[in-house]
Amino acid sequence: MTIDNVQTVPPGPRRSVELDSDEALRLLGSVSLGRIVFTRQALPTVRPVNHVLDDGDIVIRTHEGAALTSRTRQAGAPGVVVAYEADAIDPHTHLGWSVVVTGYAHLVTDPGELARYQALLQPWVNRTMDYAVRIHPDLITGARLTAAEESGSA
């Protein structure tokens, strides 16, 4: 197997700049795709999903047979501990940002809220998604990857 169109990454070190939680959530809200991490049979599970940011909470849609639907349905208060990650990193320069949110996820059960999320968030896979899961962030971390400034130039 060969890889076509392989591009080299420009030389030079990168610098990681920590983001404050407001900036991290703003950036997370600027993209529609992320990854949810939860436990399934005591092991970490990662799923790519699309999302919307609603009043500081992350909302995703799920389906009846989804492991996350089952886990959140069985959970009591305050919900299931999850992590959610989204990023925008240029594949050629490796510059961009990454945000990780850790918090509790629970099923949206209010019919009005569920209808609203079904209108706001269209699934990106061809599958019926009758459920929505809301993630309330407890810990928000993020980093921006920038080119390190050149040193030694006059």
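Our subject is the structure listed above.
First, a word on scope: everything that follows refers to the structure included in this document.

Definitions and limits used
- Residues numbered from 1 in each chain as written.
- Predicted model: local features only at pLDDT ≥ 70, side-chain atom pairs only at ≥ 80, totals over all residues.
- Heavy atoms only, no water.
- Buried < 20%, exposed > 50% of the residue type's maximum accessible area, 1.4 Å probe, protein only.
- Helix = DSSP H or I, 4+ residues; strand = E, 2+ residues; numbered from the N terminus.
- Pairing = 2+ DSSP bridges.
- Contact = heavy atoms within 4.5 Å.

Take the pairing of strand β5 (residues 57-62) next. Along β5, six of the six residues are buried, which leaves the element largely enclosed by surrounding structure. Where burial is concerned, the two faces of β5 agree: the one with Asp 57, Val 59 and Arg 61 and the one with Ile 58, Ile 60 and Thr 62 are both buried. Bridge count for strand β4 (residues 52-54) against β5 is three bridges, and the pairing is antiparallel. Considered in β5, the bridge of Leu 53 is made with Ile 58. Counted along the chain from β4 to the antiparallel partner β5, the turn is two residues long, and its residue Asp 55 has a positive phi close to 55°. Examined bridge by bridge, β5 and strand β8 (residues 131-147) share five bridges and lie antiparallel to one another. Within the sheet, the bridge partner assigned to Val 59 lies in β8 and is Arg 134.

The subject of this paragraph is the side chain of Thr 45. You can see Thr 45 is positioned in strand β3 (residues 43-50). Among residues more than four places away in sequence, those in contact with Thr 45 are Ile 36, Val 37, Phe 38 and Arg 40.

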